[in-house]
Amino acid sequence: MTDIKSMTESQLADFFKGMGQPAFRARQVFTWLHRGVCSFDEMTDLSKPLRSQLAETCFITAPTVARKQTSRLDGTIKYLWELSDGNCIETVLMQYHHGNTVCISSQVGCRMGCAFCASTIAGKVRDLRPSELLDQVLFTQLDSGLPVSNIVLMGIGEPLDNMDNVLRFLELVNSPHGLNIGMRHISLSTCGVVPGIDALAEKQLQLTLSVSLHAPDSETRSRIMPVNRAYDVEELFAACHRYFRKTGRRISFEYAMIDGVNDHDWQAELIARKLKGMPGHVNLIPLNEVVESPYKPSKRVGAFQQKLESLGVTATVRRSLGGDIDASCGQLRRKEMMEKGHL
């Protein structure tokens with residue numbers, strides 16, 4: 001069976017040509033799929049024989065809501081979607097004055113092992129297909145009734161560990177005959193997969209690259225982020241400088257503030273030195289507590305921000321949303337798995 005929603009419009013044109021169908025069928029079907037239809041019978045401008053033929057050879061992905069939590073504090077909505085194989089992923093819809101942002105997952109689970117993250121505790125199960133990435137945007141819009149204008153790939157999983165499917169998703173969601181969300185409204189976050197950063201630079205996409213830094217020195221970073229043992233922080237900063245030279249795009253550095261671990265002034269000074277010659281923005285994140293993690297939120301977020309700014313580094317503190325609904329990445333999926341006895 002063919003995952004028809006993972007096809008680009010040009011791939012659909014070839015697909016229909018192979019079926020002896022006219023090329024314009026590709027546009028019709030592509031448009032229906034990107035409206036969120038769940039069956040071929042909903043494609044009313046196709047003949048019944050063609051709909052039957054498609055149903056015999058293709059499938060349309062459509063997740064179901066396993067859990068949904070809405071914050072009473074700020075309206076943030078967190079979805080736990082159940083996929084066709086029974087696995088679950090998380091998506092978060094955040095409302096800002098400039099529009100609605102959806103944070104999507106790129107994998108079922110994660111193998112990166114960051115010590116402060118709930119997403120990785122049970123490891124990686126599988127990659128998400130392009131259709132399953134797209135569905136998170138489509139069905140969040142349909143269920144919430146809120147239009148999505150911005151996308152961040154910062155949910156469960158490492159996007160550059162699922163690069164081919166993520167690139168296909170970006171092409172799909174960017175299509176003018178689909179959701180038509182521009183690359184400048186999309187952010188992709190990586191924990192520091194250096195070959196992936198270099199490969200992404202070659203694509204010259206206009207998206208925002210966010211690097212989960214969390215420590216500027218290898219000793220600390222290796223302790224909290226195992227990926228640093230494969231691509232250490234020196235290699236990571238070198239890749240970031242190459243990315244900037246290649247694309248001209250400013251990189252955002254995510255930095256979860258952990259008490260007594262990465263919140264020292266000397267670490268702020270090291271960040272400033274490493275960023276020299278490259279415009280970078282440091283986004284300080286008040287740590288969400290994870291029950292299984294020994295790490296606690298830093299009490300020096302404001303002081304660390306002031307130190308960075310005194311050194312000429314642009315630094316902001318991320319506004320915390322959804323604090324009353326398990327909005328930290330991986331928490332809701334983990335709760336579901338524990339209740340089903342999968343952990």
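We now turn to the structure provided with this report. Keep in mind that this is a model prediction, so the values were computed, not measured. (Residues numbered from 1 in each chain as written. Predicted model: local features only at pLDDT ≥ 70, side-chain atom pairs only at ≥ 80, totals over all residues. Heavy atoms only, no water.)

Comments concerning the nonpolar core
Counting residues in each nonpolar core, the largest one holds 75 residues, and the members touching the most others are Ile151, Phe169, Leu170, Leu200, Phe253 and Val282. If near-sequence neighbours (up to four positions away) are discounted, Phe253 is found in contact with Val211, Leu213, Phe237, Cys240, Leu275, Met278, Gly280, His281, Val282 and Asn283. Listed in part, the 19 residues of the second largest apolar core include Met7, Phe16, Val37 and Phe40. (Core = buried A, V, L, I, M, F, W, Y, C linked by side-chain atoms within 4.5 Å. Buried < 20%, exposed > 50% of the residue type's maximum accessible area, 1.4 Å probe, protein only. Contact = heavy atoms within 4.5 Å.)

Examining the pairing of strand β11 (residues 208–212)
The element β11 is extensively covered by neighbouring structure, given that four of its five residues are classed as buried. With four bridges joining them, strand β10 (residues 186–190) and β11 adopt parallel strand pairing. Its bridge partner being in β11, Ser187 is matched across the sheet by Thr208. Read from β10 through helix α6 (residues 194–203) to β11, the crossover connection turns out right-handed. Pairing geometry for β11 and strand β12 (residues 251–257), over three bridges, is parallel. Following the sheet pairing, Ser212 is matched in β12 by Glu254. (Helix = DSSP H or I, 4+ residues; strand = E, 2+ residues; numbered from the N terminus. Pairing = 2+ DSSP bridges. Right-handed = clockwise from strand over helix to strand, strands pointing away.)

With respect to helix α10 (residues 265–274)
Within α10, burial applies to Gln267, Ala268, Leu270, Ile271, Ala272 and Lys274. If you follow the buried residues of α10, they end up packed against α7 (218–224), α9 (233–247), β12, β13 (280–286) and α11 (301–310).

Observations regarding the state of the cysteines
Following the criterion strictly, the structure yields zero disulfides and no others. There is no disulfide at Cys110, and the cysteine sulfur nearest it, in Cys191, is 6.5 Å away. Taking relative accessible area as the criterion, Cys110 reaches 8% and is therefore assigned buried. Of the cysteine sulfurs around Cys240, a residue in no disulfide, the closest is that of Cys191, at 12 Å. (Disulfide = S-S within 2.5 Å.)

Observations regarding the packing of aromatic side chains
Under the criterion given, the structure shown has four aromatic pairs. Pairing Phe15 with Phe16 gives two aromatic rings, centres 5.6 Å apart and planes at 75 degrees, and the pair type is edge-to-face. Of the two residues, Phe15 and Phe16, both sit in the buried class. Seen in terms of ring centroids, Tyr79 and Trp81 are 4.8 Å apart; in terms of plane orientation they differ by 10 degrees. Their pairing is stacked. Note on accessibility: Tyr79 and Trp81 belong to one class, buried. Sitting above the plane of the Trp32 ring, Arg35 keeps its charged end 4.9 Å from the centroid. (Phe/Tyr/Trp six-rings, centres within 6.5 Å; stacked < 30°, edge-to-face > 60°. Lys NZ or Arg CZ within 6 Å of the ring centre and 35° of its normal.)

Observations concerning the packing of α10 against α11
Contact geometry of α10 with α11 gives a least axis separation of 9 Å together with a crossing angle of 35 degrees. Considering the relative orientation of α10 and α11, their crossing is right-handed. Every residue of α11 that contacts α10 at Asp265, Gln267, Ala268, Glu269 and Ile271 is listed here: Phe304, Lys307 and Leu308. Class assignment of the residues belonging to the contact of α10 with α11 gives a composition of four nonpolar, one polar and three charged. (Axes fitted to C-alpha atoms, helices over the stretch in contact; angles between N-to-C directions. Left-handed = near helix turned anticlockwise from the far one by under 90°. Nonpolar A, V, L, I, M, F, W, Y, C, P; charged D, E, K, R; others polar.)

Some words on the sheet that holds strand β5 (residues 88–96)
Taken together, ten strands build an open sheet; the order of strands is β3-β4-β5-β6-β9-β10-β11-β12-β13-β14 and the sheet is mixed. Here the strands that pair on one side only, and so sit at the sheet edges, are β3 (64–70) and β14 (314–317). The mean inter-strand angle of the sheet, taken between neighbouring strand axes irrespective of direction, is 20 degrees. Contacting β3, β4 (77–82), β5, β6 (99–103) and β9 (150–153), helix α4 (residues 130–144) runs over the sheet at an angle of about 120 degrees to β4. Of the strands in this sheet, β11 and β12 touch α9, which is tilted by about 150 degrees from β12.

A look at the side chain of Thr220
Relative to the elements of secondary structure, Thr220 occurs in helix α7. In terms of polar contacts, Thr220 uses its side chain to reach the side chain of Asp217, at 2.6 Å. Residues within four places of Thr220 in sequence aside, it is in contact with Ala215, Val261 and Gln267. (Polar contact = N/O pair within 3.5 Å; in protein donor to acceptor, adjacent residues only side chain to side chain.)

Section: unusual backbone geometry
For Asn180, which is not glycine, the phi torsion reads 55 degrees and is therefore positive. Structurally, Asn180 is set in the loop between α5 (163–174) and β10. At His214, a position not held by glycine, the phi torsion is positive, near 65 degrees. Along the polypeptide, His214 turns up in the loop between β11 and α7. Of the residues examined, His214 reaches a relative accessible area of 5% and is grouped as buried.

Points about α5
Taking 1.5 Å of rise per residue, the twelve residues of α5 would be expected to cover 16 Å, and the 16 Å separating its terminal C-alpha atoms lies within 8% of that figure. For α5, the set of buried residues is Met163, Val166, Leu167, Phe169, Leu170, Leu172 and Val173. Close packing links the buried residues of α5 with α2 (24–33), α4, β9, β10 and α6. (Expected span 1.5 Å × (residues − 1).)

Some details on the environment of Asn150
Along the chain, Asn150 turns up in strand β9. When the C-alpha atoms of Asn150 and Thr208 are compared, they prove to be 11 Å apart, with 58 residues separating the residues in sequence. Every residue in contact with Asn150, bar those within four places of it in the chain, is listed here: His98, Asn100, Thr101, Val102 and His185. Side-chain polar atoms of Asn150 contact the side chain of Ser149, separated by 2.9 Å.

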